[in-house]
Amino acid sequence: MTIDRQTLRKFLLQEEEKHGLGQDMMLLIEDIATSCRIIAHQIRNGPFLDILGAAETENIQGETQKQLDVIANDIFLSHCSNCARVAALVSEEIDNVIWLKDAPKKGDYLVYFDPLDGSSNLNVNLSVGSIFSVVELDEDITDLSNDVVLFKGARQICAGYALYGPSTSLILSTGQGVNGFTHKIGSGEFLLTFPDMRLPQETSEFAINASRFGSWDAPIRRYIEECIAGENGVRGRSFNMRWTASMVAEVHRILMRGGVFLYPKDADNAHMGGKLRLLYEANPMGFIIEQAGGRASTGTARILDVQPTGHHQRISVILGSKSEVELIDSYHAEAGA
Ligand code: P6P
């Protein structure tokens with residue numbers, strides 16, 4: 001039996017009516033959804049198009065790009081430039097900020113994105129995703145430098161991700177909670193399948209790259225060892241671990257059934273500030289998690305309150321079910337004290 005579900009367009013029109021979303025934001029969200037739909041198609045047909053391999057290039061992160069990293073980036077660039085209110089694009093794959101206007105105005109949008117997150121999963125057919133974030137300018141801009149886009153995550157007006165898994169999910173928040181859509185093959189529509197997503201406050205599942213155990217700071221090691229100690233330890237219950245090497249997949253699992261995701265800075269990456277990027281990974285995911293009732297922290301600060309110092313800045317990320325993130329934060333506080 002097929003259930004009659006709301007299209008993304010219908011949902012956005014309702015949000016416009018209820019919360020004054022604005023026509024331009026509606027257009028931008030639909031452009032982002034179109035980008036994700038095209039990327040999903042490219043991924044599904046990757047083996048036939050011979051595009052799952054490495055490109056001959058490196059990105060600003062010093063990472064060898066996959067061909068699909070470049071393709072997905074181009075798709076986002078071309079579609080997110082459609083909306084007249086988009087003044088600049090910030091991409092994980094591009095060194096500098098791309099300014100689309102000579103004189104950005106108050107009310108214009110800045111769009112930040114990781115066009116293809118977890119692309120090392122591509123050639124083993126595991127989940128990857130796209131992450132996006134939108135900030136609205138609160139004043140006219142005259143200096144078109146990279147530093148102009150360094151807004152705290154609390155300034156986001158829209159954020160979300162697409163997960164390219166067994167089905168293609170589009171998870172979206174414009175500050176009024178979190179709603180999930182699924183791409184219906186054939187119709188091409190994103191249909192509302194997960195309205196008003198809320199993540200469980202409690203969890204017994206954590207996600208961390210355990211191979212980095214030897215580099216962790218003490219509070220992280222304490223938390224993970226207590227989880228592993230299970231029923232015989234201070235937590236008094238057993239925990240499960242997951243790691244899919246795709247932040248989008250981890251966050252989606254946490255949104256659907258609870259959990260905590262940790263990618264902390266450690267002895268090996270502390271000189272870079274951590275691994276994950278603040279503006280187009282930690283901030284949008286932190287926004288989604290908070291909007292769904294969870295918590296997103298660096299261990300010592302709310303992620304969305306961090307003042308960026310660079311548009312490719314990296315940061316510690318601990319996010320998910322509120323009670324676990326609060327416990328991890330308390331361990332950092334005790335260690336600091
Ligand atoms: P590791 C993917 O490259 C990514 O940026 C995140 O999506 C993911 O959580 C993490 O890095 C995986 O890191 O240490 O498993 O390679």
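Because the structure is predicted, anything quoted here is derived from the model rather than measured.

Some thoughts on the site of the ligand
Right, on to step 1. Looking at the ligand, there are 13 residues lining it, with Asp117, Asn209, Trp243, Met247 and Tyr263 nearest.
Right, on to step 2. A distance of 2.7 Å is found between an oxygen atom of the ligand and a side-chain nitrogen or oxygen belonging to aspartate 117.
Right, on to step 3. With respect to the ligand, the side chain of tryptophan 243 contributes an N or O atom lying 2.9 Å from an oxygen atom.
Right, on to step 4. Contact with the protein chains covers 82% of the free accessible surface of the ligand, which is 400 Å².
Right, on to step 5. Under a 2 Å grid-point criterion requiring more than half of the atoms, the pocket assigned to the ligand is the largest pocket.
Right, on to step 6. Mapped by element, the contributors of at least two residues to the shell around the ligand are strand 13 (260–263) and strand 14 (276–277).

What to know about the layout of surface pockets
Right, on to step 1. Counted as a void, the largest pocket has a volume near 430 Å³.
Right, on to step 2. Lining the largest pocket are 26 residues, and of these Gly118, Ser119, Ser120, Ala245 and Lys275 sit closest to its centre.
Right, on to step 3. Those elements giving two or more residues to the lining of the largest pocket turn out to be strand 2 (64–66), strand 5 (109–117), helix 6 (247–257), strand 13 and strand 14.
Right, on to step 4. A per-class count over the lining of the largest pocket returns 7 nonpolar, 8 polar and 11 charged.
Right, on to step 5. What the second largest pocket holds in volume is close to 350 Å³.
Right, on to step 6. Lining the second largest pocket are 19 residues; nearest its centre among them are Ile43, Arg44, Asn125, Tyr164 and Gly165.

A look at the side chain of aspartate 329
Right, on to step 1. By the secondary structure assignment, aspartate 329 is in helix 8 (residues 322–336).
Right, on to step 2. One polar contact links aspartate 329 to serine 297, side chain to side chain, over a distance of 2.7 Å.

What about the sheet that holds strand 13?
Right, on to step 1. Taken together, the 5 strands give an open sheet; going across it, the order is 12-11-13-17-15, and neighbouring strands pair in mixed fashion. Single-partner strands in this sheet number two, and they are strand 12 (240–242) and strand 15 (295–297). Each neighbouring strand pair of the sheet contributes to a mean axis angle of 15°, computed without reference to strand direction.
Right, on to step 2. Inspection of the sheet shows strand 11 (residues 205–207) paired to strand 12 by 3 bridges, in the parallel sense. For phenylalanine 206, the partnering residue across the bridge sits in strand 12 and is methionine 241.

What to know about the packing of aromatic side chains
Right, on to step 1. Counting across every chain of the model gives 5 aromatic pairs.
Right, on to step 2. Both rings, one in tryptophan 243 and one in tyrosine 263, keep their centres 5.8 Å apart while their planes meet at 50°; by these two values the pair is tilted. With a gap of 20 residues between them, tryptophan 243 in the loop between strand 12 and helix 6 and tyrosine 263 in strand 13 connect regions that are remote in the sequence.
Right, on to step 3. Under the relative-accessibility criterion, tyrosine 263 is labelled buried at 7%.
Right, on to step 4. Taken together through their ring pairs, the aromatic side chains of Trp243, Phe261 and Tyr263 make up a single cluster.
Right, on to step 5. For arginine 221, the ring lying beneath its charged end belongs to phenylalanine 213, and the centroid distance is 4.6 Å.
Right, on to step 6. Between arginine 222 and the ring centre of tyrosine 331, over which it is positioned, the NZ or CZ distance is 3.7 Å.

Re the packing of helix 1 (residues 8–19) against helix 2 (residues 23–44)
Right, on to step 1. Where helix 1 meets helix 2, the axes come as close as 10 Å, and the angle between the chain directions of the two elements is 155°. It follows that helix 1 is roughly antiparallel to helix 2 by the angle criterion. Helix-helix and strand crossings are classified by hand; for helix 1 and helix 2 the assignment is right-handed. On the side of helix 1, the interface is formed by Leu8, Arg9, Leu12, Leu13 and Glu16, while helix 2 contributes Gln23, Met26, Ile29, Glu30 and Ala33.
Right, on to step 2. Each residue belonging to the contact of helix 1 with helix 2 can be placed in one class, and the counts come to 6 nonpolar, 1 polar and 3 charged.

Brief notes about helix 7 (residues 278–291)
Right, on to step 1. For helix 7, the tally of buried residues reaches 12 of 14 residues, placing the bulk of the element in the interior.
Right, on to step 2. Within helix 7, burial applies to Leu278, Leu279, Tyr280, Glu281, Ala282, Asn283, Pro284, Met285, Gly286, Phe287, Ile288 and Ile289.
Right, on to step 3. One or two residues past the end of helix 7 sits glycine 293, with phi positive at roughly 95°.

Re the sheet that holds strand 5
What holds strands together in a sheet is hydrogen bonding between their backbones, with the strands either parallel or antiparallel.
Right, on to step 1. Read across the sheet, 8 strands follow the order 4-3-5-6-7-8-9-10 without closing on themselves; strand pairing throughout is mixed. Strands with a single pairing partner mark the edges of an open sheet, and in this sheet they are strand 4 (98–99) and strand 10 (190–194).
Right, on to step 2. Pairing geometry for strand 6 (residues 128–136) and strand 7 (residues 156–164), over 8 bridges, is antiparallel. In the strand pairing of strand 7, serine 133 is matched with alanine 159.
Right, on to step 3. Set on the sheet, helix 1 makes contact with strand 8 (168–173), strand 9 (179–183) and strand 10; between it and strand 8 the angle comes to about 5°.
Right, on to step 4. Here helix 6 sits on the sheet and contacts strand 5, strand 6, strand 7, strand 8 and strand 10; the angle it forms with strand 7, its principal contact strand, is near 100°.

Reading the values: rules and limits
Residues numbered from 1 in each chain as written. Predicted model: local features only at pLDDT ≥ 70, side-chain atom pairs only at ≥ 80, totals over all residues. Heavy atoms only, no water. Near = heavy atom within 4 Å. Polar contact = N/O pair within 3.5 Å; in protein donor to acceptor, adjacent residues only side chain to side chain. Areas by Shrake-Rupley, 256 points an atom, 1.4 Å probe, with all protein chains shown as cover. 1 Å grid on protein atoms, 1.4 Å probe; cavity = no way out; pocket = protein on both sides within 12 Å on 5 of 7 lines; lining within 4 Å. Sits in = over half its atoms within 2 Å of the grid points. Helix = DSSP H or I, 4+ residues; strand = E, 2+ residues; numbered from the N terminus. Points joined across faces, edges and corners; volume = space filled by probe spheres on them. Nonpolar A, V, L, I, M, F, W, Y, C, P; charged D, E, K, R; others polar. Pairing = 2+ DSSP bridges. Axes fitted to C-alpha atoms, helices over the stretch in contact; angles between N-to-C directions. Phe/Tyr/Trp six-rings, centres within 6.5 Å; stacked < 30°, edge-to-face > 60°. Buried < 20%, exposed > 50% of the residue type's maximum accessible area, 1.4 Å probe, protein only. Lys NZ or Arg CZ within 6 Å of the ring centre and 35° of its normal. Parallel < 35°, antiparallel > 145°, perpendicular 65-115°, else oblique. Left-handed = near helix turned anticlockwise from the far one by under 90°. Contact = heavy atoms within 4.5 Å.

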